[in-house]
Amino acid sequence: MILFWLVPNAPDIIVLLTLALALYLVVIEMREMQPRMHWKWWGWWLSLVFLTHFIGYLALRGYAVYRRWNQARA
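Residues numbered from 1 in each chain as written. Predicted model: local features only at pLDDT ≥ 70, side-chain atom pairs only at ≥ 80, totals over all residues. Heavy atoms only, no water.

Colleague: Which residues make up the overall build of the protein, and what values do they have?
Modeller: When helices and strands are counted, the protein shows three helices and zero strands. For the protein, with 74 residues in total, the buried portion stands at 12%. Taking contacts inside the protein between residues at least 6 apart in sequence as the whole, the part at least 24 apart equals 42%. Element-wise, carbon and sulfur atoms account for 71% of the exposed surface of the protein, whose accessible area totals about 6400 Å². (Helix = DSSP H or I, 4+ residues; strand = E, 2+ residues; numbered from the N terminus. Buried < 20%, exposed > 50% of the residue type's maximum accessible area, 1.4 Å probe, protein only. Contact = heavy atoms within 4.5 Å. Areas by Shrake-Rupley, 256 points an atom, 1.4 Å probe, with all protein chains shown as cover.)

Okay, structure coming up:
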């Protein structure tokens, strides 16, 4: 999130990289669990991380549109 404040026109690649990093960290955490998790739990956790990041991304996009709209009115 700090990158969006530091770089005003941050490319969408930053969002994809943070999502990939979050999914990678989830996989690392799940591999270390004992006993091994069932594949359904793997899918559940990965989809939860993906969906929460997607909602956050949509909220960020909405904020950017709102900010541009207010700047255009001023």
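Colleague: Describe the nonpolar core, naming the residues involved and giving the relevant values.
Modeller: Ala22, Val26, Met30, Met37 and Val49 form the largest nonpolar core, which has five residues in total. Considering each element in turn, this core owes the most residues, three residues, to helix α2 (residues 13–31). (Core = buried A, V, L, I, M, F, W, Y, C linked by side-chain atoms within 4.5 Å.)

Colleague: Could you give an account of the packing of aromatic side chains, with specific residues and numbers?
Modeller: Inspection of the entire model under this criterion finds three aromatic pairs. Centroid distance Trp41 to Trp44: 6.1 Å. Interplanar angle 70 degrees. Geometry classified as edge-to-face. Here Trp41 pairs with Trp44, and both are found in helix α3 (residues 39–73), just three residues apart, close to one helical turn. Seen from their ring centres, Phe50 and Phe54 are 6.4 Å apart, and the 15 degrees between their planes marks the pair as stacked. One end of the pair is Phe50 and the other is Phe54, both in helix α3 and four residues apart, which spans about a single turn. Judged by relative accessible area, Phe50 falls into the partly exposed class, the value being 38%. (Phe/Tyr/Trp six-rings, centres within 6.5 Å; stacked < 30°, edge-to-face > 60°.)

Colleague: Describe the environment of Thr52, with residues and values.
Modeller: Take Thr52: it is sitting in helix α3. With a relative accessible area of 46%, Thr52 lands in the partly exposed category. Within polar-contact distance, the side chain of Thr52 engages the backbone oxygen of Val49 at 3.1 Å. (Polar contact = N/O pair within 3.5 Å; in protein donor to acceptor, adjacent residues only side chain to side chain.)

Colleague: Account for α2, with residues named and values stated.
Modeller: The end-to-end C-alpha separation of α2 is 27 Å, in line with the 27 Å expected for 19 residues at 1.5 Å each. Every buried residue of α2 is accounted for by Ile14, Val15, Leu19, Ala22, Val26 and Met30. Projected down its long axis, α2 shows its buried positions confined to an angular sector of 150 degrees, all on one face. Turned more than 90 degrees away from the buried face of α2, the exposed residues are Leu16, Leu17 and Tyr24. (Expected span 1.5 Å × (residues − 1). Arc of directions from axis to C-beta.)

Colleague: Let's hear about the environment of Met30: which residues, and what values?
Modeller: Structurally, Met30 is set in helix α2. Note on Met30: relative accessible area 4%, which makes it buried. Here the alpha-carbon distance between Met30 and Trp45, two residues 15 residues apart in the chain, equals 9.0 Å. Discounting chain neighbours no more than four positions away, the residues touching Met30 are Met37, Trp41, Trp42, Trp45 and Leu46.

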